[in-house]
Amino acid sequence: MKVAIIGAGNMGSAIAGGLAQGQFISTEQITVSNPSNEKLERLKASYPTIHITNNNVEAAMQADLIIVAVKPWLVESVIRPLKLKKPQLLVSLAAGVSFEQLAHYANSELTMFRVIPNTAIEQQASMTVIAERNASTEQQQTILSIFSEMGRAMMLPENQMGAATALASCGLAYVMKYVQAAMQAGVESGLRPHEAMTLVAQSLEGAAQILLNTSTHPSLEIDKITTPGGLTIKGLNALEHEGFTSAVIKAMKAAQ
Ligand SMILES: NC(=O)c1ccc[n+]([C@@H]2O[C@H](COP(=O)([O-])OP(=O)(O)OC[C@H]3O[C@@H](n4cnc5c(N)ncnc54)[C@H](OP(=O)(O)O)[C@@H]3O)[C@@H](O)[C@H]2O)c1
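What you are looking at is a predicted structure, and each value in this text was computed from that prediction instead of being measured.

Peer 1: Please provide a residue-by-residue account of the overall build of the protein chain, values included.
Peer 2: Of the regular secondary structure elements, the protein chain holds 11 helices and 8 strands. Counting only C-alpha atoms, the protein chain reaches 65 × 40 × 30 Å along its principal axes. In the protein chain, the share of contacts with a sequence separation of at least 24, taken over all contacts with a separation of at least 6, comes to 56%. Within the structure as shown, the protein chain displays about 14700 Å² of accessible surface, and the carbon and sulfur contribution to it stands at 57%.

Peer 1: Account for the domain arrangement of the protein chain, with residues named and values stated.
Peer 2: Each assigned domain of the protein chain is listed here: domain 1 (3–156) and domain 2 (164–254). A C-alpha centroid distance of 33 Å is found between domain 1 and domain 2. Taken together, the contact between domain 1 and domain 2 spans 9 residues of the former and 7 residues of the latter. Interface area for domain 1 against domain 2, summed over the two sides, is near 560 Å², with a carbon-plus-sulfur share of 65%. Where domain 1 meets domain 2, there are 0 salt bridges.

Peer 1: How would you explain the side chain of Thr-31 if you had to name every residue and give the values?
Peer 2: By secondary structure assignment, the location of Thr-31 is in strand E2 (residues 30–33). Once you skip the residues sitting within four places of it in the chain, Thr-31 turns out to touch Val-3, Ala-4, Ile-5, His-51, Thr-53 and Ala-59.

Peer 1: A description of a nonpolar patch on the surface should follow, citing residues and the corresponding values.
Peer 2: A cluster of nonpolar side chains, namely Val-175, Tyr-178, Leu-204, Leu-239, Phe-244 and Val-248, defines an oily patch on the protein surface of about 450 Å² accessible area. Secondary-structure elements contributing two or more residues to the nonpolar patch are helix H7 (161–188) and helix H11 (244–254). Among the secondary structure elements, Leu-204 is positioned in helix H8 (residues 193–213). Among the residues examined, Leu-204 registers a relative accessible area of 30% and is labelled partly exposed.

Cut-offs applied
- Residues numbered from 1 in each chain as written.
- Predicted model: local features only at pLDDT ≥ 70, side-chain atom pairs only at ≥ 80, totals over all residues.
- Heavy atoms only, no water.
- Helix = DSSP H or I, 4+ residues; strand = E, 2+ residues; numbered from the N terminus.
- Contact = heavy atoms within 4.5 Å.
- Areas by Shrake-Rupley, 256 points an atom, 1.4 Å probe, with all protein chains shown as cover.
- Domains from an automatic or database assignment.
- Buried area = accessible area lost by both parts, 1.4 Å probe.
- Salt bridge = Lys/Arg side-chain N within 4 Å of Asp/Glu carboxyl O.
- Patch = residues over 30% accessible without salt bridge, like charges linked within 9 Å, V, L, I, M, F, W, Y side chains within 5 Å.
- Buried < 20%, exposed > 50% of the residue type's maximum accessible area, 1.4 Å probe, protein only.

Dropping the structure here:
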């Protein structure tokens, strides 16, 4: 499968790197297009056999899969000249650009995917949300497999993309905010910032591994840590007195 990535910014470059390091697509089959050269040259330095160009049409012409990774307001002007046609597959990363809009910019019969990774894609640890239009089960599986190489990927109906993006993409910023707050507490208690950050980040990693690798539930895991009359319940109750649960729900709903 030949892949064209249009836009070599944060997302485009991370996906190019993820694909180049993965098993599905060989580096020679990847072309990345961007108007300026610096990011392209950085990619070429890391993956010498990758193709780079400043010409989007040339990149897309021979590709089976076209990944559009430009800012949402550029999507229309980037997609229209590509004149994509079946059986080419279009993947749009643009947050907030619906299938209905994409169908106006490209052939409406085209198979399309809306893909929303989060910034952990740079570490190949993204939670990527995917919706499809006109895709066969096999095509859905292909796109799921490609993005699963860069973390985890989940197929959802388009009308759930907003909720899922709030949890998975905006949620990453909320988790960072939690880490920052916990670090401030640790530093006040005498820990060095990098020690505090490692303590919190590894605890998050542990929590994530427990939840993702076993068929458990947060309530069960909280019970295991919470000794009656102990310290953890004092902290948990302090969080609730400050409205922690309500604040998280409000943040998730505000970002949809
Ligand atoms: N960042 C995130 O967390 C995130 C998460 C999910 C989805 N997304 C979506 O991913 C898309 C890309 O975001 P990003 O953060 O990667 O943006 P970015 O870093 O600004 O990258 C956009 C790239 O597009 C290039 N570009 C501009 N005009 C172009 C054109 N006409 N043809 C080809 N390339 C062009 C830019 O090149 P120059 O710099 O040379 O102008 C830049 O390298 C957005 O639609 C965003 O909504 C982002």
